[in-house]
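Given next are the chains, with one letter for each unit.
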Amino acid sequence: MGDTGQAALGSNNTSRPDGPSWWRRLVPVWVNFVIGLPAMVPLHASWLLLTEYRSCAFDNTGFQSHCGSLDVIEGAGWARVGVVVFGGLGLLLVVAVDVLFPAAYGRRVRPWLLGMLVIPVPYLIAITALASAS
């Protein structure tokens, strides 16, 4: 009869490409998207510090400046804490998930580093939705 091999018997081994499936290739994107959800706090806090509280953050002339009332000056405190504390913890999480874990398990780091581009997407979706609602 001859050598027919597994392909003639209907095996799926020949129809499957080598390497991981495309679902497994998207794991870094989804993990970084989930990291982006709590990252909205430091992203929004830094946005506020760069826009609303910018003149107050860099002005050391006291309360006689153009910063406004005391509420505006004291209101920047939570934004600074949000950037420093939550931003620092988020940065540690990103370094651990995107650099240290793949390196420890022998995976390629490049897909995880490219997946980091998805981290600001939840914040961008949220501000776009809020801007279009008002």
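Residues numbered from 1 in each chain as written. Predicted model: local features only at pLDDT ≥ 70, side-chain atom pairs only at ≥ 80, totals over all residues. Heavy atoms only, no water.

Colleague: Got a minute to help me understand the packing of aromatic side chains in this structure?
Modeller: For any pair of aromatic rings, geometry is given as the distance between the ring centres together with the angle between the planes. Taken as a whole, this structure holds two aromatic pairs when the rule is applied. On the numbers, 6.1 Å between centres and 80 degrees between planes, the contact of W30 with F33 is edge-to-face. With a gap of three residues between them, W30 and F33 both fall in helix α2 (residues 27-36), about one helical turn apart. (Phe/Tyr/Trp six-rings, centres within 6.5 Å; stacked < 30°, edge-to-face > 60°. Helix = DSSP H or I, 4+ residues; strand = E, 2+ residues; numbered from the N terminus.)

Colleague: Before we go on, may I ask you to explain the nonpolar core in this structure?
Modeller: Nonpolar side chains in soluble globular proteins tend to be buried together. With six residues, the main nonpolar core is built from I35, A39, V94, V97, W112 and I119. Excluding anything up to four places from it in sequence, V97 contacts V31, I35, P102 and W112. (Core = buried A, V, L, I, M, F, W, Y, C linked by side-chain atoms within 4.5 Å. Buried < 20%, exposed > 50% of the residue type's maximum accessible area, 1.4 Å probe, protein only. Contact = heavy atoms within 4.5 Å.)

Colleague: Explain a nonpolar patch on the surface here, please?
Modeller: A surface patch of nonpolar side chains, amounting to about 650 Å² of accessible area, comprises V41, V81, V84, V85, F86, L89 and L92. Per-element accounting of the nonpolar patch gives the leading share, six residues, to helix α5 (residues 70-104). (Patch = residues over 30% accessible without salt bridge, like charges linked within 9 Å, V, L, I, M, F, W, Y side chains within 5 Å. Areas by Shrake-Rupley, 256 points an atom, 1.4 Å probe, with all protein chains shown as cover. Salt bridge = Lys/Arg side-chain N within 4 Å of Asp/Glu carboxyl O.)

Colleague: Explain the packing of helix α3 (residues 40-50) against helix α7 (residues 121-133) here, please?
Modeller: Each packed pair of helices is defined by two parameters, the angle between the axes and the distance between the axes. Two elements in contact, α3 and α7, have axes whose closest approach is 9 Å; the angle formed by their N-to-C orientations is 60 degrees. Of the possible angle classes, the one that applies to α3 and α7 is oblique. As α3 packs across α7, the resulting crossing turns out to be right-handed. Counting all contacts with α3, which are made through M40, L43, H44 and W47, the residues of α7 involved are P122, Y123 and A126. (Axes fitted to C-alpha atoms, helices over the stretch in contact; angles between N-to-C directions. Parallel < 35°, antiparallel > 145°, perpendicular 65-115°, else oblique. Left-handed = near helix turned anticlockwise from the far one by under 90°.)

Colleague: Would you mind showing me how to read the confidence of the model for the protein here?
Modeller: Regions with low pLDDT should not have their predicted coordinates read in detail. Across the protein, the average pLDDT comes to 79, with 69% of residues at 70 or higher. The lowest-confidence element of the protein is helix α4 (residues 54-57), averaging 58 in pLDDT; the highest-confidence one is α2, averaging 95. (pLDDT = per-residue confidence, 0-100.)

Colleague: What is the right way to look at the side chain of N32 in this model?
Modeller: Structurally, N32 can be placed in helix α2. N32 has contacts with D98, W112, G115, M116 and I119, leaving out every residue within four places of it along the chain.

Colleague: Sorry, what's going on with the side chain of D98 here?
Modeller: Within the secondary structure, D98 is located in helix α5. A distance of 3.3 Å separates polar atoms of two side chains, one belonging to D98 and the other to N32. Beyond its immediate stretch of four places on either side in the chain, D98 contacts N32, V109, W112, L113 and M116. (Polar contact = N/O pair within 3.5 Å; in protein donor to acceptor, adjacent residues only side chain to side chain.)

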